Amino acid sequence: MTQPRFLSFRTAGNQQGFGLVAGDGVIDLSARLKGRFSSLMDIIAQGSLTEIADGYGGLPPDMSLEEITFTIPVTRPEKIICTGVNFPDRNEEYKDGKEAAAYPSLFVRFAGSFTGHGQPLVRPPESHQLDYEGEIAVVIGKAGRRIAEADALSHVAALTLCNEGTLRDWVRHARFNVTQGKNFDASGSMGPWLVPLTSPAQIEDISLQTRVNGELRQEDRTGRMLFPVRRLISYISTFTTLAPGDVIVTGTPTGAGARAEPPVWLKPGDVVEVSADGLGTLRNTIADEMPDAAREA
């Protein structure tokens, strides 16, 4: 049985909405639930994903997927925390002879650095070293601090996909951080939708793949993560209280363009697809950032 898929979107009239995927269409929940929920964040915070899916999932669609513009599923998360070097082969890519670290490498991204499914990743004029990183993201549903690993998945509301696009030269501008190269506007993507987590099997050992122009570039399984999702949630919640809607991006396999010889950067017209078992495919093209004057015209 197909799991329900929740999405956030904009209409042709630039109205923000949220709904359920129904075949090739969308059940508009924002219209039906007006006054009770104003976003998917509200549904997540109240622990109502299953209730809403059961109550509205059988309705006919109100519009086609072609009529909407996908946005990132949780449009205003309090925190987006990303994980670096979380697969064995990624650690070996550094060729520094060091064993994998005892603790996860973490950094934060801003919501504005992501765009939705079907939208272009934006290559800024400051750098042409735009790279892809296919990842799985977990969305927190229940708040918690110092969460035990055994209880960690009970704090997860849903899963989604992420292309954690990176400007490689900008992550090396400083000695101890990667913030700059990870936060250019619309340089990454998230979506297409949220799939509620109802079983550990949905995340504990699933396949993750990234393709560029149809060519397989990255492939691995979550069962090989150095820090599985349970461990990430437990560790992160030690130093910060996780809140409903927070997003944890869990790390990318080997095979990013920076590690090719010579490196291969994304360019306008390229198509990047991130896929995972049970989560579908997040697809984005690449486009150069428009000059300010062109955006204002």
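Preceding block: the structure.
Residues numbered from 1 in each chain as written. Predicted model: local features only at pLDDT ≥ 70, side-chain atom pairs only at ≥ 80, totals over all residues. Heavy atoms only, no water.

Turning our eyes to something else, we now look at the overall build of the chain. The helix and strand tally for the chain stands at six helices and 19 strands. Its C-alpha atoms give the chain a radius of gyration of 19 Å, within 12% of the compact-globule value 19 Å for 297 residues. If one aligns the C-alpha atoms of the chain with their principal axes, the spans along those axes are about 55 × 55 × 30 Å. Sorting the 297 residues of the chain into buried and exposed places 51% on the buried side. Within the chain, contacts between residues separated by at least 24 positions form 75% of all contacts whose residues are at least 6 apart in sequence. Accessible surface, the chain: about 13,600 Å² in total, of which carbon and sulfur atoms supply 50%. Side chains of the chain give 29 positive and 37 negative charges; the mean places of these two sets differ by 4 Å. (Helix = DSSP H or I, 4+ residues; strand = E, 2+ residues; numbered from the N terminus. Rg over C-alpha atoms; globule rule 2.2 N^0.38 Å. Buried < 20%, exposed > 50% of the residue type's maximum accessible area, 1.4 Å probe, protein only. Contact = heavy atoms within 4.5 Å. Areas by Shrake-Rupley, 256 points an atom, 1.4 Å probe, with all protein chains shown as cover. Lys, Arg positive; Asp, Glu negative; His and termini not counted. Charge placed at Lys NZ, Arg CZ, Asp CG, Glu CD.)

Among the residues making up helix α3 (residues 49–56), those that are buried are Leu49, Ile52 and Ala53. One side of α3 carries all its buried residues, which in axial view fall inside an arc of 100°. Away from its buried face, by an angle of more than 90 degrees, α3 presents the exposed residues Asp54 and Gly55. Tucked into the core, α3 has its buried residues touching β1 (6–10), β2 (16–22), α1 (29–32), α2 (40–45), β12 (156–163) and β14 (188–196). (Arc of directions from axis to C-beta.)

Topologically, threonine 160 is positioned in strand β12. A residue is classified by how much of its surface remains accessible, and threonine 160, at 2% relative accessible area, is buried. Among the polar contacts listed, one links the side chain of threonine 160 to the backbone oxygen of glycine 191, at a separation of 3.3 Å. A distance of 2.8 Å separates a polar side-chain atom of threonine 160 from the backbone oxygen of tryptophan 193. Excluding residues that lie within four positions of it along the chain, threonine 160 makes contacts with Pro73, Ile136, Ala137, Met190, Gly191, Pro192, Trp193, Leu194 and Leu279. (Polar contact = N/O pair within 3.5 Å; in protein donor to acceptor, adjacent residues only side chain to side chain.)

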